[in-house]
Structure formats: structure tokens, C-alpha cells
Amino acid sequence: MASKIQVPADFGRNHIGAPVHGNLVFKLKDGEEVRANSMILSLNSPVIDHLTTELNQQTLEAEDFRKDAVDSFIEASYTGELENINKANFRDVKKMSHVFDVSWLSERCAIYFEELVAALTEESEYEEVFFVVEEA
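What comes next is a walk through the structure. Keep in mind that this is a model prediction, so the values were computed, not measured. (Residues numbered from 1 in each chain as written. Predicted model: local features only at pLDDT ≥ 70, side-chain atom pairs only at ≥ 80, totals over all residues. Heavy atoms only, no water.)

### Details of the pairing of strand β1 (residues 24-27)
Bridge count for β1 against strand β2 (residues 33-36) is four bridges, and the pairing is antiparallel. Considered in β2, the bridge of L24 is made with A36. Linking β1 to β2, which pair antiparallel, is a turn of five residues; within it D30 sits at a positive phi near 60°. Direction of pairing for β1 relative to strand β3 (residues 59-61): parallel, over a ladder of three bridges. The residue bridging F26 from the neighbouring strand is L60, located in β3. (Pairing = 2+ DSSP bridges. Helix = DSSP H or I, 4+ residues; strand = E, 2+ residues; numbered from the N terminus.)

Structure representation (C-alpha cells):
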């Protein structure tokens, strides 16, 4: 029976730059590479677990994703928190969470989107009220 090693939620935050984390390579556009630890990503993603343990892949093609989104995906996987998401990289982080089947990250992306829409709705209502008052 296979078991997974449990890593403290904040393990990655202090150790993201450690050399041991570079055994999995995400290949981006223009030949750029982002390295990560396959074990930590596998704890979050059954897809990455399958690719790295059963198929022995050490390189993942990620040309469709922005570098900052890949970085955010990796950091979220290491820390268990979604902190470095923004309007610019949101779609790619969401897409990566779907492609690599990281359900908790997909749920956090949905919450971020709902909060973004709510903020836009509030701004819209504010602008409508502002313009109505100004015209009167």
C-alpha cells in the first residue's frame, strides 16, 4: 500500500529556492524553464503524481501558461495558499488547477473570481449613483 509523505503547509515558503526543488521542469514559451519539486506538487496533483511517478516524466510542457501563473501555481502547491493571483494571471492559474486536477486551488480561483466580480459590481453601482447625483 502506497503512502504519501505529509509536508507541513508552510514548508515551501521557506524552501522554494532550495536545489532539491528542481527535479521537475516546466517548459515555457521561448525556452524559459521553471523548476519545482515533483513530490510536493504530487501531493496536490494526482495528474503530476501520475506523470512523475508512473511515467517518469521530468519535464512538463507549459507553453500555454504565463510564467507568473506557473510561479503562482507552484507557490500555492508548496504553501497551501493562493496569494500571488491577480487579474493578469488568474485565467492561467485556474486553467493549471484544472489541467493538473488540483481541486482546492480550483475552488480558491473560483472564490477569487467571485470576489472580483463583486468588486466590479460595487464599482459599477457606485459610478451609476455618482453620475445620477451629478446630473440632478
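There's more to say after this.
### Topic: the sheet that holds β3
Taken in spatial order, the three strands make up an open sheet running β2-β1-β3, and their pairing is mixed. Taken across any chain shown, the strands that pair with only one partner, and hence form the sheet edges, are β2 and β3. Here the average twist between neighbouring strands, direction ignored, is 25°. Strand contacts of helix α4 (residues 67-79): β1 and β2, with the helix running at about 0° to β2, the strand carrying the most contacts. (Axes fitted to C-alpha atoms, helices over the stretch in contact; angles between N-to-C directions. Contact = heavy atoms within 4.5 Å.)

### Examining the nonpolar core
Among the nonpolar cores identified, the biggest contains 30 residues, and F26, I48, V70, F73, I74, F100 and L105 are the most heavily contacted of them. Residue assignment for this core shows that the elements contributing at least two residues are β1, β2, α2 (38-44), α3 (46-54), α4, α5 (90-99) and α6 (103-135). Of all the elements, α4 adds the most residues to this core, at six residues. Setting aside residues no more than four positions away along its own chain, I48 makes contact with L24, F26, S38, L41, S42, L60, F73 and F100. (Core = buried A, V, L, I, M, F, W, Y, C linked by side-chain atoms within 4.5 Å. Buried < 20%, exposed > 50% of the residue type's maximum accessible area, 1.4 Å probe, protein only.)

### Section: the packing of aromatic side chains
This model, assessed by the stated rule, comprises four aromatic pairs. Taking the centre distance of 6.2 Å and the plane angle of 90° together, the rings of F26 and F100 count as edge-to-face. Of this pair, F26 sits in strand β1 while F100 sits in the loop between α5 and α6, placing them 74 residues apart in sequence. Take F26: its relative accessible area is 0%, and that puts it in the buried class. Residue F100 is classed as buried on the basis of its relative accessible area, which comes to 6%. When the centroid spacing of 5.7 Å and the interplanar angle of 10° are considered together, the rings of F90 and F113 count as stacked. (Phe/Tyr/Trp six-rings, centres within 6.5 Å; stacked < 30°, edge-to-face > 60°.)

### Focus on the pattern of salt bridges
Per the stated rule, a full pass over the model turns up four salt bridges. Where E33 meets K27, a salt bridge forms, and the shortest distance between an N and an O atom there is 2.8 Å. Residue classification places E33 among the partly exposed positions, given a relative accessible area of 36%. A relative accessible area of 28% means that K27 is categorised as partly exposed. Measuring nitrogen to oxygen at the nearest pair gives 3.7 Å for the salt bridge that ties E33 to R35. (Salt bridge = Lys/Arg side-chain N within 4 Å of Asp/Glu carboxyl O.)

### Remarks on a negative patch on the surface
Judged by side-chain charge, D30, E32, E61, E63 and D64 come together as a negatively charged surface patch. The topology assignment puts E61 in strand β3. Judged by its relative accessible area of 58%, E61 is exposed. (Patch = residues over 30% accessible without salt bridge, like charges linked within 9 Å, V, L, I, M, F, W, Y side chains within 5 Å. Areas by Shrake-Rupley, 256 points an atom, 1.4 Å probe, with all protein chains shown as cover. Lys, Arg positive; Asp, Glu negative; His and termini not counted. Charge placed at Lys NZ, Arg CZ, Asp CG, Glu CD.)

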